[in-house]
Amino acid sequence: MAALIKKALINPVLRNNGIHRLQFVRLAGYWNKDWKPGPYPKTDAERIAAAKKYGLLPQDYEPYPDDGLGYGDYPKLPLVSADMKDPLYNWDYPEMKRNFGEPMHTQYDAYTEERLSNARTRYSAKHMWGTFLGIMSGFLALHLLCEYNDWYLRHPWTPPQYPNQGKTHYTYEPVD
Amino acid sequence: MGSVSAKALEGGSDYKHDPLEGFPNGRKPREIKTTLEEMESAKIPLDKRDYCVDYLMKFLECRNEKYPWVYKCHHEKHEYLHCQYEDYLIRMKDFERNRRLDERAAKREQH
């Protein structure tokens, strides 16, 4: 019995620890500084090493320009937003539409499914702005015309009545 | 003095036709119980010194008494707002009555 309890208590812990230990071995680092990109590659050997580090072919590898705003040796990848990716493909992480070890765009976090998209739109931006401003200015014109021309449909009523001004105002109740 | 009250003081809310026409025994006049001194003492704004000022005074009195538990004055507030609605109805009827009497007068001139 004691052996059974011991196994039930300790085995899950050991199993979980085993997985965590395995992950530490599999991943390239375990802290943010370990994920930082290296310096900008200057020689061909450095470029090939960087391409291999990010899992790319050397001819596909192209870092961001080293103009002070770059990302070191991090590759410049084509930007494909998550909603452009095939939802029926057998992704390793279907909720992120992403495969294991796949190099990610630097702006990946902004182009998830619920955020930005760089898909082409049905209408051009000029067309959409024109539609929006046309409808809104139409409503505004209607409002201004009604506001300053007294076109409102409303219950007509007499001006406010005030007591103590030497005038008698009446209710609609007859005196018995 | 606000523009609203200044406009009201100019008049213009008088009846164009005889207000008692069609009421053989006469109509009950609109009255308030609050005196001018009381309104001045309570600092009621000029445009609020209308025929609902009695209810407004009650509401303010209740607020003064129950503060900060002003939600206990919801009954007084509702009565005040209902009085304003009744005032609106009377003035709407006044306008309609005036319009119809105008029409009748125009017809009589034609014949």
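Computed from a predicted model, the values in this text were never measured in an experiment.

(A) How the structure looks around the overall build of chain B. When helices and strands are counted, chain B shows four helices and one strand. When the elements of chain B are put in sequence order from the N terminus, they spell out α-β-α-α-α. Burial statistics for chain B: of 111 residues in total, 10% are counted as buried. Counting contacts in chain B only where the partners sit at least 6 residues apart, residues at least 24 apart contribute 39% of the total.

(B) Summary view of the overall build of chain A. Within chain A, the regular secondary structure consists of three helices and one strand. When the elements of chain A are put in sequence order from the N terminus, they spell out α-α-α-β. When burial is assessed residue by residue, chain A has 6% of its 176 residues classed as buried. Put simply, 46% of the contacts in chain A that link residues at least 6 apart link residues at least 24 apart.

(C) Here's a closer look at the nonpolar core. Within the largest apolar cluster, seven residues are counted, these being Y51(B), C52(B), V53(B), Y55(B), L56(B), F59(B) and C73(B). Those residues within four positions of Y55(B) in sequence are excluded, and the remaining contacts are E79(B), Y80(B) and C83(B).

(D) Representation of the interface of chain B and chain A within the structure. Taken together, the contact between chain B and chain A spans 24 residues of the former and 20 residues of the latter. Every element with two or more residues in the side of chain B that touches chain A is listed here: β1 (27-29) and α4 (74-110) of chain B. Split into classes, the residues belonging to the side of chain B that touches chain A amount to 11 nonpolar, four polar and nine charged. The pairing of strand β1 (residues 170-174) of chain A with β1(B) spans two bridges and is antiparallel. Across the sheet, residue Y170(A) finds its bridge partner in β1(B), namely P29(B).

(E) Local environment of the confidence of the model for chain B. Residue and element names in this part refer to chain B. Per-residue confidence for chain B gives a mean pLDDT of 86; residues scoring 70 or more make up 88%. Segment residues 1-13: pLDDT under 50, and 15 contacts once partners within four positions in sequence are set aside and those in other chains are kept. For this predicted complex, the interface score ipTM comes out at 0.76, while the overall pTM is 0.49.

(F) Broad picture of unusual backbone geometry. A cis geometry characterises the amide bond from Y67(B) onward to P68(B), with omega recorded as 0°. Structurally, P68(B) is set in the loop between α3 (53-66) and α4. Of note in this structure, K97(A) is not a glycine but carries a positive phi near 50°. Looking at the element boundaries, K97(A) is found in the loop between α2 (44-53) and α3 (125-149). A positive phi angle, near 55°, is found at K43(B), a position not held by glycine. One can find K43(B) in the loop between α2 (36-41) and α3.

(G) Structural context of the packing of α3(B) against α4(B). Residues and elements named next belong to chain B. Contact geometry for α3 and α4: axes closest at 9 Å, N-to-C directions at 160°. Comparing their axes, α4 and α3 come out roughly antiparallel. Note that α3 runs across α4; the crossing there is left-handed. Across the interface between the two elements, Y55, L56, K58, F59 and C62 of α3 pack against E76, K77, E79, Y80 and C83 of α4. Of the residues assigned to the contact of α3 with α4, the class counts are six nonpolar, no polar and four charged.

(H) Geometry of α3(A). For α3(A), spanning 25 residues, the distance from its first C-alpha to its last is 35 Å, which sits close to the expected 36 Å at 1.5 Å a residue. The element α3(A) is largely exposed, with a buried count of zero among its 25 residues.

Here is what the cut-offs are and how they apply
- Residues numbered from 1 in each chain as written.
- Chains lettered and ligands numbered in written order.
- Predicted model: local features only at pLDDT ≥ 70, side-chain atom pairs only at ≥ 80, totals over all residues.
- Helix = DSSP H or I, 4+ residues; strand = E, 2+ residues; numbered from the N terminus.
- Buried ≥ 20, exposed ≤ 12 C-beta atoms within 10 Å, placed from the backbone.
- Contact = placed C-beta atoms within 7 Å.
- Core = buried A, V, L, I, M, F, W, Y, C linked by C-beta atoms within 7 Å.
- Nonpolar A, V, L, I, M, F, W, Y, C, P; charged D, E, K, R; others polar.
- Pairing = 2+ DSSP bridges.
- pLDDT = per-residue confidence, 0-100.
- Axes fitted to C-alpha atoms, helices over the stretch in contact; angles between N-to-C directions.
- Parallel < 35°, antiparallel > 145°, perpendicular 65-115°, else oblique.
- Left-handed = near helix turned anticlockwise from the far one by under 90°.
- Expected span 1.5 Å × (residues − 1).

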